[in-house]
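Architecture and fold: a report
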2 protein chains.
Amino acid sequence: MDGSKIKNMDEFAAVAGISRPTISKYFHDPSSVKQSTRARIEEALEKHDYRPNIFAMNQNRKLTRTVGIVMPYLADPIFGEIARTIERRCIDAGYRTALFSSHGERSGEIEALESLRALRPSGVMLAPLGRFSDRDFISGFCEEFPTVIFDRDIEGVGEAFVGSDNASFVSQSVEYLTRIGDPPCFFEMKNPANPNSIARRQGYMRSMRERGFEPMVVQVDGEGWEFERIGYDGGLGVIENRSLPTNTVLCSNDRLAIGFLAACYEKGLRVGRGSGCALRVAGHDNHPHARFTCPSLTTVAHEYEAISETGVSTLFDLIEQGGRFEGRRVERLPTRLIMRDSA
Amino acid sequence: MDGSKIKNMDEFAAVAGISRPTISKYFHDPSSVKQSTRARIEEALEKHDYRPNIFAMNQNRKLTRTVGIVMPYLADPIFGEIARTIERRCIDAGYRTALFSSHGERSGEIEALESLRALRPSGVMLAPLGRFSDRDFISGFCEEFPTVIFDRDIEGVGEAFVGSDNASFVSQSVEYLTRIGDPPCFFEMKNPANPNSIARRQGYMRSMRERGFEPMVVQVDGEGWEFERIGYDGGLGVIENRSLPTNTVLCSNDRLAIGFLAACYEKGLRVGRGSGCALRVAGHDNHPHARFTCPSLTTVAHEYEAISETGVSTLFDLIEQGGRFEGRRVERLPTRLIMRDSA
DNA sequence: GATAAAATTTATCGCGCGTAAATAAATCTT
DNA sequence: AAGATTTATTTACGCGCGATAAATTTTATC
């Protein structure tokens, strides 16, 4: 904590009275130097408060021990949560992280990967935009760096995919809803930004048919990432037009459901499975706010923890194997029904 | 888009048939080279798809044109939104950004600033943790890099602060609530992570006294960042104990209010200003979800856009002035009452 | 105290790029 | 066409660090 500013390793080596390569070795692994020199270094460290420049370090290192994380849209709390969980696991495993958001745009995704390239990451966790992604570009990137695709798949790209099983998502919700009440319609955006949405719709249709019901898909207008707004506006629309084909609404994701519930509240429709209720509403994902909607939202949970755990350990496997698996690993994790009050 | 992989500027200079310094100059400013050489470079660029390594560039550059952004907790959608807005403004101004989250922890904040130091940013937008921040460390950082503190102030640190005026926040909500109904109590966490909370409580107390009312502060247990949970549990508590001193509840922030509203709903308390309503509830911040609570949440809005705009342009001013202002600039922007249905 | 083993130092190169000065080439004057 | 300018190239060095080989010192072993 001295006033003296040390700006590089040479200067620090000088004040510590130890050669630079030894200092470098120490920062690589403190236990790799003799106990007495280690003590001297750490003593100097307390006096002078120096830290090596991480980017200069990585520039010529064999292993950077850096994991790149790319999320499609960090302002969405679901992605925020996932990113935080992954970061924690990486840090616990002795890696450092570099977090990027694509901001929902193709160019943003490319920018993020381009910046990552310059960092020469040991591995990358990539949650792609999906249908807006530049498939060829990402594919090329995956050739260069060990990359695990997660959340949404880009088929055939990268050495591994880890995500929730959309079929599992929807079959659980459809099974539950049909078991204790009328079969649900499926509420979604007309042009979903998200390929998971498509898989969910298909899963819904198959689940319904398997149970002998005719699928009912309700699509509402809206683009972009303001899902609550879209669910709200769309909800108001279908309520006012009385165009809901059933009293049970299964939303493609929780954020739409949050908006839909707001519309129901405003229109005085009581939501829940009690006798006085006009409507049942359910979602998918288990959004951090799903517990606090009115009524609390019945949903099928993304197991963040499990996905992060599996994704990160798959990545570490991949890194250990030198960046290549025999065949592409695909893991679709089961999901978990969370019964609350809305359905 | 050729197959040939170019890995550095030397190789690219070779295939383009132009010297490396000229290539470097081109990437600095394409219009700084002769039209004909520019054309040749861009032709080669299309063929070979090379991009310079941004971190190597920044290492020895005078101006990195990089803005560092440090948020206290990115998983909070409010901070996600603010970060996104700031990033956009920086990019529009020709800067690149590096985004970090402190993850709500002192060590995370230090890590973030330490990483930023290695990037030698042209400027930094820092939303500090507040009372968990290492004041001395941050102060030292601000000496090195032009830094604008925003969202929460650390008095005397950095060349500028830009944020909402907490007094304005609370006086608007108190004024409104007292004008159309009973005076509000103030609902908050016992140990708020956030210095804004303290300023808001003080603002509440002053506002109340100015109007001749005795302040009523309701404090609930809870630590960490799960504000909705804390608002919900605390809300259940005060409702069950009937310990609310009044029928009007002003929450320190919207996330607490979201949890509180969920508790009200569950307890069958109708919220709003109509005749059939038991309670009025209001918040502060204008959280992205505040529009979609049930009922929609009356709140006082943070003007994200204005804060980002003012903050970033203050930073650019600061950068132009060489990193120092005459005196410390403090801008507390006014807030805006948003009347919805909850109060 | 001699010998082997381990740790450190010295020296030099590399990473991918910025930058400055000196030189060479192209372009513009008159 | 000769001189004056602008632009481009060459040369040389720097940023902060990693990596390695050879030379030297320190420590451990007997």
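Given the structure is predicted, the values throughout are model-derived calculations rather than measurements.

Scoring rules and cut-offs
Within each chain, residues carry numbers counting from 1 in the order of the written sequence. Written order decides the labels, with chains lettered from A and ligands numbered from 1. Since the coordinates come from a predicted model, pLDDT governs what is reported: local features require at least 70, and pairs of side-chain atoms require 80 or more to be given and counted, while whole-chain, interface and lining totals use all residues. Side-chain figures throughout are based on the complete set of non-hydrogen atoms in the structure, without hydrogens or water. Put simply, DSSP H or I for four residues or longer makes a helix, DSSP E for two residues or longer makes a strand, and each gets a number counted from the N terminus. The buried label applies to any residue whose accessible area, calculated with a 1.4 Å probe on protein chains only, is under 20% of its type's maximum; exposed applies above 50%, and partly exposed to all values in between. Residues are treated as being in contact if the distance between any of their heavy atoms lies within 4.5 Å. A 1.4 Å probe and the Shrake-Rupley method give the accessible areas. Residues count as covered only by the protein chains that appear here. Charge convention: Lys and Arg are scored as positive, Asp and Glu as negative, and His as well as the terminal groups of each chain are ignored. By convention, the point assigned to a charge is CZ for Arg, NZ for Lys, CD for Glu and CG for Asp. A molecule or strand has a residue near it when one of that residue's heavy atoms lies within 4 Å. Under this definition, polar contacts are N or O atom pairs within 3.5 Å; protein pairs additionally need one hydrogen-donor-capable and one acceptor-capable atom, and for neighbouring residues in sequence, both atoms have to be side-chain atoms. Strands were regarded as paired on the criterion that DSSP finds at least two bridges between them. Lines fitted to C-alpha atoms define the axes here, with helix axes fitted over just the stretch in contact, and angles between the N-to-C directions of these axes take values from 0 to 180 degrees. By definition, a salt bridge exists where a carboxyl oxygen of Asp or Glu is found within 4 Å of a side-chain nitrogen of Lys or Arg. The buried area of a pairing is the accessible area, by a 1.4 Å probe, that goes missing from both parts when the two are put together, added over both. Under the scheme applied here, ten amino acids are nonpolar (Ala, Val, Leu, Ile, Met, Phe, Trp, Tyr, Cys and Pro), four are charged (Asp, Glu, Lys and Arg), and all others, including Gly, are polar.

**Thoughts on the overall build of chain A**
Within chain A, the secondary structure is distributed over 12 helices and 12 strands. Principal-axis analysis of the C-alpha atoms places the extent of chain A at approximately 80 × 45 × 35 Å. Per-residue burial over chain A gives 58% buried out of 343 residues. At a minimum sequence separation of 6, the contacts of chain A that also span at least 24 residues come to 71%. Counting every atom, chain A has about 14500 Å² of accessible surface; 46% of that belongs to carbon and sulfur. Each charge sign in chain A was given a centre, from 43 positive and 47 negative side chains, and these centres are 3 Å apart.

**Some points on the protein's contact with DNA strand C**
Of all residues adjacent to DNA strand C, which total 25 residues, the nearest are Thr37 of chain A together with Met9, Ser24, Asn53 and Lys62 of chain B. Counting only the atoms of DNA strand C within 4 Å of the protein, the fraction contributed by sugar and phosphate is 63%. At a separation of 2.5 Å, a phosphate oxygen of DNA strand C approaches a polar backbone atom of methionine 9 of chain B. One of the side-chain nitrogen or oxygen atoms of glutamine 59 of chain B is found 3.4 Å away from a base nitrogen of DNA strand C. Listing elements by their share of the surface near DNA strand C, those giving two or more residues are α2 (20-28) of chain A together with α2 (20-28) and α4 (54-59) of chain B.

**So, the sheet that holds strand β7 (residues 217-220) of chain A**
Two orientations exist for strands paired in a sheet by backbone hydrogen bonds: parallel and antiparallel. Residue and element names in this part refer to chain A. Taking strand neighbours across the sheet as the criterion, the 6 strands line up as β7-β6-β8-β9-β10-β12 in an open arrangement whose pairing is mixed. Each end of this open sheet is capped by a strand with a single partner; those strands are β7 and β12 (336-338). Going from strand to strand, the sheet's axes swing by 25° on average, the running direction of each strand aside. Taken together, the 4 bridges between strand β6 (residues 185-189) and β7 define a ladder with parallel strand orientation. When the sheet's bridge partners are listed, phenylalanine 187 is paired in β7 with valine 218. Most of the contacts of helix α10 (residues 227-240) go to β6, to which it runs at about 130°, and overall it touches β6 and β7. Docked against the sheet, helix α11 (residues 254-266) engages β6, β8 (248-251), β9 (280-285) and β10 (298-301), running at close to 155° with respect to β9.

**Looking at the pattern of salt bridges**
Inspection of every chain in the model, using the stated rule, returns 58 salt bridges over all chains. Across the salt bridge formed by arginine 255 of chain B and glutamate 228 of chain B, the nearest N and O atoms sit 2.7 Å from each other. With a gap of 27 residues between them, arginine 255 of chain B in helix α11 (residues 254-266) and glutamate 228 of chain B in helix α10 (residues 227-240) connect regions that are remote in the sequence. Residue classification places arginine 255 of chain B among the buried residues on the basis of a relative accessible area of 8%. The salt bridge partner of arginine 336 of chain B is glutamate 303 of chain B, with a shortest N-O separation of 2.7 Å. With arginine 336 of chain B in strand β12 (residues 336-338) and glutamate 303 of chain B in the loop between β10 (298-301) and α12 (304-320), the pair connects residues that are 33 residues apart, well separated along the chain. On the basis of relative accessible area, arginine 336 of chain B is assigned to the partly exposed category, the value being 41%. Within the structure, one salt-bridge network assembled from shared partners comprises Arg51 of chain A together with Glu111, Glu114, Arg117 and Glu144 of chain B.

**Points about the interface of chain B and chain A**
The partner chain A presents 39 residues to the 39 residues of chain B that form the contact. Between chain B and chain A, roughly 3900 Å² of surface is buried when both sides are summed, and carbon and sulfur atoms account for 58% of that area. Scanning the region where chain B abuts chain A turns up 8 salt bridges. Residue glutamate 111 of chain B is joined to arginine 51 of chain A by a salt bridge in which the shortest nitrogen-to-oxygen separation is 3.7 Å. Counting the contacts that link chain B with chain A gives 11 residue pairs in polar contact (both at pLDDT 80 or more). Looking at the side of chain B that touches chain A, the elements with two or more residues in it are α4, α5 (77-92), α6 (106-119), α10 and α11 of chain B. Partitioned by chemical class, the residues of the side of chain B that touches chain A number 19 nonpolar, 8 polar and 12 charged.

**Description of the side chain of glutamate 228 of chain B**
For glutamate 228 of chain B, a relative accessible area of 5% corresponds to the buried category. A polar contact is formed between the side chain of glutamate 228 of chain B and the side chain of arginine 255 of chain B, at a distance of 2.7 Å. Discounting residues that sit within four places of it in the chain, glutamate 228 of chain B has contacts with His289 and Phe292 of chain A together with Arg255, Ile258 and Gly259 of chain B.

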